Amino acid sequence: MIKTKYFVILFLVMIMLPILTVFSYLFTPSTEIWSHLVDNLLLTYLLNTAFIVFWVASLTGLIGVTCAWLVTIYNFPGKDLFKWLLVLPIAIPAYVSAFIYAGLIEPSGIFFSAVEQFFGMGADLYNFIDMRNIYGVIFILTICLYPYVYLLCYSSFNQQSYCVFEVGRSMGLTNTGCFLKIGLPLARPAIIAGLSFVIMETLAEYGTVDYYGVSTFTTGIFRAWFAFGDENSALHLASILLTFVFIILILEKYSRGSSQYSHTSQIIRKTKQYDLFGLKSVFAFSWCFLIIFLSSIIPIVQLLAWFVDTYSYIFEDSYLELIWNTTWIAAVSALLIVIISLYFCYLDRSLKDIITNFSIKILSLGYSIPGVVIAIGIMTPIAFIDDLQFDLTGGEPFFYISGSFVALILAYLIRFSTISLKTNESGLNKIKDNIDLTARTFGMSKFSIIKKIHVPMMKVTIITSLILVFVDVVKELPATLIMRPFNFNTLAVNIYELASAEQLSYIASPALTLIIISLIPVIILIRKTVNNV
């Protein structure tokens, strides 16, 4: 028992260290570069970030809620297809969509080619439309992140009882009135949770804002560290960004207060669906199709068009190396994360003490922290450890942690443990405590109970957890870009480097591979959320 608690405390310190390191720089003395940032750029970072977050949250809320309500309550042409196609954009990383939309009006883009071929005005289109600005960032993040709101609202609307709406209609409410006065209030927790995910993903986004030339906190952190070479200023910015994230988490937790958002009817009947005709049917179809067209169809068609021109890229040795690098680092990271999170979930279940419970909550914060902040927070204590062992060994350290796979996997562990923890917790909750107690009476150790009882009973849950973590590691850009060892590239990094070099047509092969891999959790989400509701 004591050894287990020491292990938990040691692991807790390891997880907390990067977060505390970042927060500590809120109170460190300022440097000359930091003074320059405060005087000239900090307000720009703050205003741009707030402007993007506000509009992305507003637009994703509008799209997610309306689409979920339409496909849940009404019948119209294409409804059964739309309800799962609306989830697909979550498989396309935002930075990939950003590169694609920027390339649409380039000479190799399908928009440029079509306008030039039919109207001879390709150059005019190129000069007229400019995606690389703050409004382009808002557009890209909106069409990529709205599924977070859509999925949760779809599930919430489907679980609302038909009886509640019948009571509303008996009091003279129209369908719109039922939506505004009954459906929305009951779905408020789902909407808030979805918007919280959207806001945190928006704050963490780097590839899109960097490529579109918009100054935000994430780009500011990168520039301060790598362009100015000032880690103090980078950590100052990271500490401010992390403070915003924690404020959002606190507001999300207490936003509902003591209000109740559940119906009290004892009769639960599935929500009745109404047929739409005429202009209303056309509007519902057009709205859902427009969202899918902008978020999924255009990006995939453009990637396929580029792939036809650059398919030879997949036969290069470097491409195969990219796939191997991406696969093994994601597989090893996912396996370690799932094993550690499963062990912690079991400890929380069996020990039920304050230290373990606190460790679980700290570990659960990782997904809400931007990858760039985690990377910066890890690099500073790791650099200190490397310097310390350099001094102690007389210039011959045992192993440099900086720029190693150990540091990279640690960043993934902090960032993505939340996904595995939540998935494994749900699986463990389905196993009765009596089974554990019976196993202990036979003298089985904790490890044996996990190996011989929990793992076989949670096989599906563990596989799901492995897949979800694997895919998130594959798509991660900021943490990989900062923490990766020298000359180690993944698909995400390669896509970013090709786009930065303006070789947009060559991103087709790695981007399509990334999207295909990312479709796996989307299929899982569709099966669990859409088809089973």
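Up top you'll find the structure we're talking about.
Residues numbered from 1 in each chain as written. Predicted model: local features only at pLDDT ≥ 70, side-chain atom pairs only at ≥ 80, totals over all residues. Heavy atoms only, no water.

**Q** Before we move on, can you summarise the overall build of the protein with the specific residues and values?
**A** Within the protein, the secondary structure is distributed over 24 helices and two strands. Out of the 533 residues in the protein, the part that is buried amounts to 54%. In the protein, the share of contacts with a sequence separation of at least 24, taken over all contacts with a separation of at least 6, comes to 82%. With the model as given, the accessible surface of the protein reaches about 24900 Å², and the carbon-plus-sulfur share is 67%. (Helix = DSSP H or I, 4+ residues; strand = E, 2+ residues; numbered from the N terminus. Buried < 20%, exposed > 50% of the residue type's maximum accessible area, 1.4 Å probe, protein only. Contact = heavy atoms within 4.5 Å. Areas by Shrake-Rupley, 256 points an atom, 1.4 Å probe, with all protein chains shown as cover.)

**Q** Lay out the packing of aromatic side chains with the relevant residues and their values.
**A** Enumeration over the complete set of coordinates arrives at 23 aromatic pairs. With 5.9 Å between their ring centres and 45° between their planes, Tyr-206 and Tyr-496 make a pair best called tilted. Taken together, the residues Tyr-206 in the loop between helix 10 (175-204) and helix 11 (207-211) and Tyr-496 in helix 23 (residues 491-500) connect sequence positions 290 residues apart. Across the pair, Tyr-496 and Tyr-206 agree in class, each one buried. Through pairs of rings, three or more aromatic residues link up here, namely Phe-76, Phe-82, Phe-285, Phe-289 and Phe-293. (Phe/Tyr/Trp six-rings, centres within 6.5 Å; stacked < 30°, edge-to-face > 60°.)

**Q** Now, about unusual backbone geometry: what can you tell me, with residues and values included?
**A** Residues other than glycine seldom take positive phi values, yet Asn-487 does so here, at roughly 65°. Within the fold, Asn-487 resides in the loop between helix 22 (478-483) and helix 23.

**Q** Requested: an account of the pattern of salt bridges, with residues and values cited.
**A** Applying the stated criterion to the full structure yields three salt bridges. Here Arg-132 makes a salt bridge to Glu-502, at a shortest N to O gap of 3.2 Å. Of this pair, Arg-132 sits in the loop between helix 7 (122-128) and helix 8 (134-158) while Glu-502 sits in the loop between helix 23 and helix 24 (508-530); the two residues are 370 residues apart in sequence, bridging distant segments of the chain. On the basis of relative accessibility, which here comes to 42%, the residue Glu-502 falls in the partly exposed class. (Salt bridge = Lys/Arg side-chain N within 4 Å of Asp/Glu carboxyl O.)

**Q** Please provide a residue-by-residue account of the packing of helix 12 (residues 217-227) against helix 17 (residues 371-392), values included.
**A** Orientation of helix 12 relative to helix 17, taken along the N-to-C sense of each, is 30°, at an axis distance of 10 Å. By the angle between their directions, the pair helix 12 and helix 17 is classed as roughly parallel. Counted together, Thr-218, Ile-221, Phe-222 and Trp-225 of helix 12 and Val-372, Val-373, Ile-376, Met-379 and Thr-380 of helix 17 form the full contact between these two elements. Looking at side-chain class alone, the contact of helix 12 with helix 17 contains seven nonpolar, two polar and no charged residues. (Axes fitted to C-alpha atoms, helices over the stretch in contact; angles between N-to-C directions. Parallel < 35°, antiparallel > 145°, perpendicular 65-115°, else oblique. Nonpolar A, V, L, I, M, F, W, Y, C, P; charged D, E, K, R; others polar.)

**Q** Tell me about the environment of Met-14, residues and numbers included.
**A** With respect to the secondary-structure elements, Met-14 resides in helix 1 (residues 2-24). Its relative accessible area of 34% is what places Met-14 among the partly exposed residues. The spatial distance from the C-alpha of Met-14 to the C-alpha of Leu-410 is 9.2 Å, given a sequence separation of 396 residues. Sequence-distant contacts of Met-14, that is, excluding residues within four places in its chain, are made with Leu-410 and Leu-413.

**Q** Describe the nonpolar core, with residues and values.
**A** Of all hydrophobic cores here, the largest spans 143 residues; its most connected members are Leu-86, Tyr-150 and Tyr-212. In terms of residues, this core owes the most to one element, helix 8, which gives 16 residues. Among the nonpolar cores identified, the runner-up in size contains 13 residues, and Val-338, Leu-342, Cys-345 and Ile-450 belong to it. (Core = buried A, V, L, I, M, F, W, Y, C linked by side-chain atoms within 4.5 Å.)

**Q** Could you give an account of the side chain of Asn-325, with specific residues and numbers?
**A** Examined against the element boundaries, Asn-325 turns out to sit in helix 15 (residues 317-351). Of the residues examined, Asn-325 reaches a relative accessible area of 8% and is grouped as buried. Excluding residues that lie within four positions of it along the chain, Asn-325 makes contacts with Phe-488 and Asn-489.

**Q** Give a description of the state of the cysteines that names residues and reports values.
**A** All told, the structure shown has zero disulfides when counted by the stated rule. Cysteine Cys-288 remains unbridged, with the sulfur of Cys-67 as its closest cysteine sulfur at 4.5 Å. (Disulfide = S-S within 2.5 Å.)

**Q** Got a sec to walk through a nonpolar patch on the surface? Specific residues and values, please.
**A** The grouping of Phe-285, Phe-289, Phe-293, Ile-297 and Val-301 at the surface amounts to a nonpolar patch, some 380 Å² of accessible area in total. As for its placement among the helices and strands, Ile-297 is situated in helix 14 (residues 278-310). Exposure remark for Ile-297: the relative accessible area of 31% places this residue in the partly exposed category. (Patch = residues over 30% accessible without salt bridge, like charges linked within 9 Å, V, L, I, M, F, W, Y side chains within 5 Å.)

**Q** Got a sec to walk through the side chain of Thr-60? Specific residues and values, please.
**A** Summarising the element assignment, Thr-60 is placed in helix 3 (residues 42-73). Look at Thr-60 and you get buried, because its relative accessible area is 0%. Looking at Thr-60, its side chain comes within polar contact range of the main-chain oxygen of Val-56, at 2.6 Å. Filtering out sequence-adjacent residues up to four positions away, Thr-60 remains in contact with Val-65, Leu-141, Thr-142, Leu-145, Tyr-146, Val-149, Leu-195 and Val-198. (Polar contact = N/O pair within 3.5 Å; in protein donor to acceptor, adjacent residues only side chain to side chain.)

So, to be careful, I would describe these as geometric facts and stop short of saying anything about function.
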